[in-house]
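A structural walkthrough
Residues per chain are reported as follows:
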Amino acid sequence: MRRYLTRKLITYVLAFFVGVTIDWGIPHLMPGDPIQGLLSRFDLDSASYAALYKTFAQSFGLNVPLWEQYLDFWRGVLTGNMGISISDAPASVSSLVFAALPYTLALLVPAIVLSYIVGNRLGAAAARRRALDNTVLPVGYGFQAIPYPWLALVVPYLLGVVWHVFPTSGAYSETLLPAWSWTFIASLLDHWFLPFLTVFIVSLGGWAIGMRNLVIYELENDSSRYLRALGASERVVRRYAYRNASLPQLSGLALQLGVVIGGNIVTEIAFDYPGLGHLIFTAITSQDYFLLQGIFIFIVLGVLIANFVIDLVYISVDPRTRLSMQGAAA
């Protein structure tokens, strides 16, 4: 067990190193100059432009060689100081990311987890009942085929503009200030529901179809036939098939939860929801290298942590993993 976890930790540390290096390198290879983009908003003469450019380059650490910028980036990653946002100076990258992170987590984690639970239950039930299969499968394919940008426009139009049931943009009412009060919490939930609903609908079909196909495969493979030959009840065979089918779904859930930290750009832009996806879009359009790098560090960490957790879950739920570990130890 210790040897297995040690190998995994070494793998994840190397992956983190590569991820951080790529995170630093890609923005530097992008065309354009972020400081030029910042100064282009102002009407400056050549002397003022040159002086401000030099000042900003020094403030953002862009006046030193690339190797020194790389070391400074690692220093910031290890200390949690990712620098100052170019597009929203003098706000720090860390403050902007931590301000947007709760909105993204509160939106995407419940939507993905709930769609995972409901979709797997529906898919497993459809694999056993033909009448349900004839409804779940077409509906699931329909949900998957819906263009997400179209859904993100139609849902708020119907429930917000036409029927006036929910607000269509923002995270809370513009007339309120953030506070721990029932009025503010009710406004948060009111604005949260439509983005949540669109993510839930789109995710549901994939989970249902995936689980349905996996359960059918497990019910018809040789191990299930062997169980039936031994006299096991159909209920036991189905439970065995469901547990085996759940393992690939768990891997998919871990990957989805890992990239949750990156937000959902389409959803957050369509609903003007102030999460990390919206922040990524803002950083790209303003060529804010430091903000992009700070967000991507969180995405790398999220994916690695989610995969490490799923490795631990596999050890606890899959006997084959434990047996392979014992064989490797021997």
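Preceding this section is the structure that the text describes.
Let me begin by describing the structure that accompanies this report. Each residue is numbered by its place in its chain's sequence as written, counting from 1. Predicted model: local features are reported for residues with pLDDT of at least 70 only, side-chain atom pairs are reported and counted for 80 or more only, and whole-chain, interface and lining totals are derived from all residues. Where side-chain values are given, they derive from all heavy atoms of the structure, hydrogens and water being excluded.

Turning next to the overall build of the chain. What the chain contains, in helices and strands, is 14 helices and zero strands. Along the chain, from the amino end to the carboxyl end, the secondary structure elements read α-α-α-α-α-α-α-α-α-α-α-α-α-α. Along the longest, intermediate and shortest principal axes, the C-alpha atoms of the chain span 90 × 65 × 40 Å. Categorising residues by exposure relies on relative accessible area from a 1.4 Å probe, with only protein chains included: less than 20% of the type maximum marks a residue as buried, more than 50% marks it as exposed, and the intermediate range marks it as partly exposed. Residue burial in the chain is summarised as follows: out of 330 residues, 39% are buried. Long-range pairs, those at least 24 residues apart, make up 71% of the contacts in the chain between residues at least 6 apart in sequence. Charged residues are defined here as Lys and Arg on the positive side and Asp and Glu on the negative side; His and the ends of the chain fall outside this count. Charge placement uses NZ in Lys and CZ in Arg. For Asp and Glu, CG and CD serve respectively. In the chain, 20 side chains carry a positive charge and 19 a negative one; their mean positions are 22 Å apart. By definition, any uninterrupted DSSP run of H or I lasting at least four residues is a helix, any uninterrupted run of E lasting at least two residues is a strand, and each is numbered from the N terminus. By definition, residues are in contact when any of their heavy atoms lie within 4.5 Å.

With that out of the way, let us pick up unusual backbone geometry. Residues other than glycine seldom take positive phi values, yet H164 does so here, at roughly 55°. Among the secondary structure elements, H164 is positioned in the loop between α7 (148–162) and α8 (182–220). Using a relative accessible area of 64% as the deciding quantity, one classes H164 as exposed. Despite not being glycine, D272 has its phi angle at roughly 50°, a positive value.

The next thing to look at is the packing of helix α12 (residues 276–285) against helix α13 (residues 289–317). Packing of α12 against α13 brings their axes to within 9 Å, and their N-to-C directions diverge by 145°. Along this stretch, α12 crosses α13, giving a crossing that reads as left-handed. Residues L276, L279, I280, A283 and I284 of α12 lie in contact with α13, whose contacting residues are L291, L292, I295, F296 and I299. Ten residue types, Ala, Val, Leu, Ile, Met, Phe, Trp, Tyr, Cys and Pro, are classed as nonpolar, four, Asp, Glu, Lys and Arg, as charged, and the remainder, Gly among them, as polar. Partitioning the contact of α12 with α13 into residue classes produces 10 nonpolar, no polar and no charged. Interaxial angle, 0 to 180 degrees, is taken between N-to-C directions of lines fitted to C-alpha atoms, where a helix line uses only the stretch in contact. Crossings are assigned a handedness: left-handed for a near helix turned anticlockwise from the far helix by less than a right angle, right-handed for a clockwise turn.

To continue, consider the layout of surface pockets. The definitions used throughout rest on a 1 Å grid laid over the protein atoms alone, on which a cavity is an enclosed set of points accommodating a 1.4 Å probe that cannot get out and a pocket is an open set flanked by protein within 12 Å on both sides along at least five of seven lines; lining residues are those having an atom within 4 Å of a point. Grid points are joined across faces, edges and corners, and a volume is the space filled by probe spheres set on the points. Approximately 340 Å³ is the volume attributed to the largest pocket. Around the largest pocket sit 17 residues that line it, and F60, D72, M82, G83 and F290 are the ones nearest its centre. Listing elements by their share of the lining of the largest pocket, those giving two or more residues are α1 (2–29), α4 (66–79) and α13. In terms of residue count, α4 provides more of the lining of the largest pocket than any other element does, four residues in total. Taken together, the residues of the lining of the largest pocket sort by class into eight nonpolar, eight polar and one charged.

Okay, the pattern of salt bridges next. The term salt bridge refers to a side-chain nitrogen of Lys or Arg lying within 4 Å of a carboxyl oxygen of Asp or Glu. Going through the model one piece at a time under the given rule, you end up with three salt bridges. Its salt-bridge partner being R225, residue D222 comes within 3.2 Å of it at the nearest N-O pair. Here D222 and its partner R225 are both found in helix α9 (residues 222–229), three residues apart, which amounts to about one turn of the helix. A relative accessible area of 48% means that R225 is categorised as partly exposed. One salt bridge connects E234 with R228, and the closest N-O pair in it is separated by 3.2 Å. Of the residues examined, R228 reaches a relative accessible area of 32% and is grouped as partly exposed.

Okay, the packing of aromatic side chains next. In summary, the pairing rule links any two rings of Phe, Tyr or Trp, Trp by its six-membered ring, whose centres are within 6.5 Å, and it sorts them by plane angle into stacked for under 30 degrees, edge-to-face for over 60 and tilted for everything else. Taken as a whole and judged by the stated rule, the model has 13 aromatic pairs. For the ring pair F166 and F193, a centre distance of 4.6 Å and an interplane angle of 25° mean the geometry is stacked. Taken together, the residues span a long stretch of sequence, with F166 in the loop between α7 and α8 and F193 in helix α8 at a distance of 27 residues. Judged by its relative accessible area of 27%, F193 is partly exposed. Taken together, a centroid distance of 6.3 Å and an interplanar angle of 45° make the contact between F193 and F196 tilted. With F193 and F196 both in helix α8 and three residues apart, this pair spans about one turn of that helix. With relative accessibility at 9%, the residue F196 sits in the buried group.

What follows is about the environment of T198. Positionally, T198 belongs in helix α8. Spatially, the C-alpha atom of T198 lies 6.3 Å from that of A152, the residues being 46 residues apart in sequence. Residues in contact with T198, not counting those within four places in the same chain, are Y148, L151, A152, V155, T267 and F271.

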